[in-house]
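What the coordinates show
Residue-level listing of the chains:
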Amino acid sequence: MSILDDPIAANATPSLTEAPSGAPDHLVAAGAFSEEERNAVYRAIETRRDVRDQFRPDPLPDALVRRLLEAAHAAPSVGFMQPWNFLLIRQQETRERVWQAFHQANEEACRMFEGDRRAHYQRLKLEGIRKAPLSICITCDTTRGGPVVLGRTHNPATDVYSTVCAVQNLWLAARAEGVGVGWVSIFHEEAIKAILGIPEHVKIVAWLCVGYVDELYDMPELAVKGWRERLPLDKLVFEEGWQDCEDM
Ligand SMILES: Cc1cc2nc3c(=O)[nH]c(=O)nc-3n(C[C@H](O)[C@H](O)[C@H](O)COP(=O)(O)O)c2cc1C
């Protein structure tokens, strides 16, 4: 007999719109922040940078790392799946092996550009794996929560989207703490999985280089170095449906 056929059990089940009797509803005031608080949030968003080279070598205090991880863990996730894990890598030897994996993939990436563009690519520094005192590998366990996860059924990629939300939370919290973060994606995933013993069903979403910084670029480094400009926001906003746009 299912719960729906059992009148006693069915009556005992709260309806979707009612909180269980006696339980606090957990609703709290949610007005706008004060001007100072708002400015701090926007300042973190606007001045966050991808850092490749400005890392100081001094280690980050455990309590600070914990705050960054708490910020990441507060991210939204599909069906509250929380598919992330955070692998903290401090050992120089491990970071050296990961750098070798980056280096090999970076050589391959470089060959995909021609002429001046290739020479330009070669001059860019695209990681801080050896320089930053801490790396955090953020993964997505595609099996967490079982085979059917609320909200993910029609778009399995939402587990990875959720993990990216955790990355961004950590990145913004780090900015507020005076800590730089650089996202490295130039490697063959299997190479890093082998180094860290990550199982088959777990995806690597981000390799983050993390460390204190005293200076940051005031605009994306790739723009400073002439690789690519920020697109005008107005060209990216469409009213009520898709509109024709030039190639960007
Ligand atoms: C998914 C993702 C992967 C990235 N991978 C790399 C990378 O491998 N190497 C690198 O130098 N920057 C990487 N970046 C950083 C971007 O280049 C950077 O966000 C962009 O140039 C804008 O600069 P900003 O983050 O300082 O505003 C990555 C960013 C994202 C979101």
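These figures come from a predicted structure and were not determined experimentally.

**Considerations on the layout of surface pockets**
- As a volume, the largest pocket reaches approximately 450 Å³.
- As for the largest pocket, its lining consists of 19 residues, of which D50, R52, W171, P220 and L222 are closest to the centre.
- Listed by contribution, the elements that provide at least two residues to the lining of the largest pocket are α2 (35–47), β3 (179–184) and α8 (221–224).
- Partitioned by chemical class, the residues of the lining of the largest pocket number eleven nonpolar, one polar and seven charged.

**Things to note about the sheet that holds β3**
- With antiparallel pairing, four strands are arranged side by side in an open sheet as β1-β2-β4-β3. With partners counted over all chains shown, the strands left at the sheet margins are β1 (84–89) and β3, one partner each. In this sheet, neighbouring strand axes are inclined to one another by 25° on average, regardless of whether the strands run parallel or antiparallel.
- The pairing of β1 with strand β2 (residues 134–141) spans six bridges and is classified as antiparallel. Within β2, the residue paired with N85 across the bridge is T139.
- Running over the sheet, helix α3 (residues 62–73) touches β1, β2, β3 and β4 (202–212) and is turned about 160° from β1.

**Digging into the packing of aromatic side chains**
- In the structure shown here, the tally under the stated rule is six aromatic pairs.
- Ring plane angle 45° and centroid distance 6.5 Å describe the contact between W99 and F102, whose orientation is recorded as tilted. Note that W99 and F102 are positioned in helix α4 (residues 92–110) at a spacing of three residues, about one turn of the helix.
- Among the residues examined, W99 registers a relative accessible area of 13% and is labelled buried.
- Ring geometry for F238 and W242: centres 4.8 Å apart, planes at 90°, overall edge-to-face.
- The class of W242 is exposed, set by a relative accessible area of 74%.
- Here the aromatic cluster, defined as three or more aromatic residues joined through ring pairs, consists of F113, Y121 and W227.

Analysis parameters
- Residues numbered from 1 in each chain as written.
- Predicted model: local features only at pLDDT ≥ 70, side-chain atom pairs only at ≥ 80, totals over all residues.
- Heavy atoms only, no water.
- 1 Å grid on protein atoms, 1.4 Å probe; cavity = no way out; pocket = protein on both sides within 12 Å on 5 of 7 lines; lining within 4 Å.
- Points joined across faces, edges and corners; volume = space filled by probe spheres on them.
- Helix = DSSP H or I, 4+ residues; strand = E, 2+ residues; numbered from the N terminus.
- Nonpolar A, V, L, I, M, F, W, Y, C, P; charged D, E, K, R; others polar.
- Pairing = 2+ DSSP bridges.
- Axes fitted to C-alpha atoms, helices over the stretch in contact; angles between N-to-C directions.
- Contact = heavy atoms within 4.5 Å.
- Phe/Tyr/Trp six-rings, centres within 6.5 Å; stacked < 30°, edge-to-face > 60°.
- Buried < 20%, exposed > 50% of the residue type's maximum accessible area, 1.4 Å probe, protein only.

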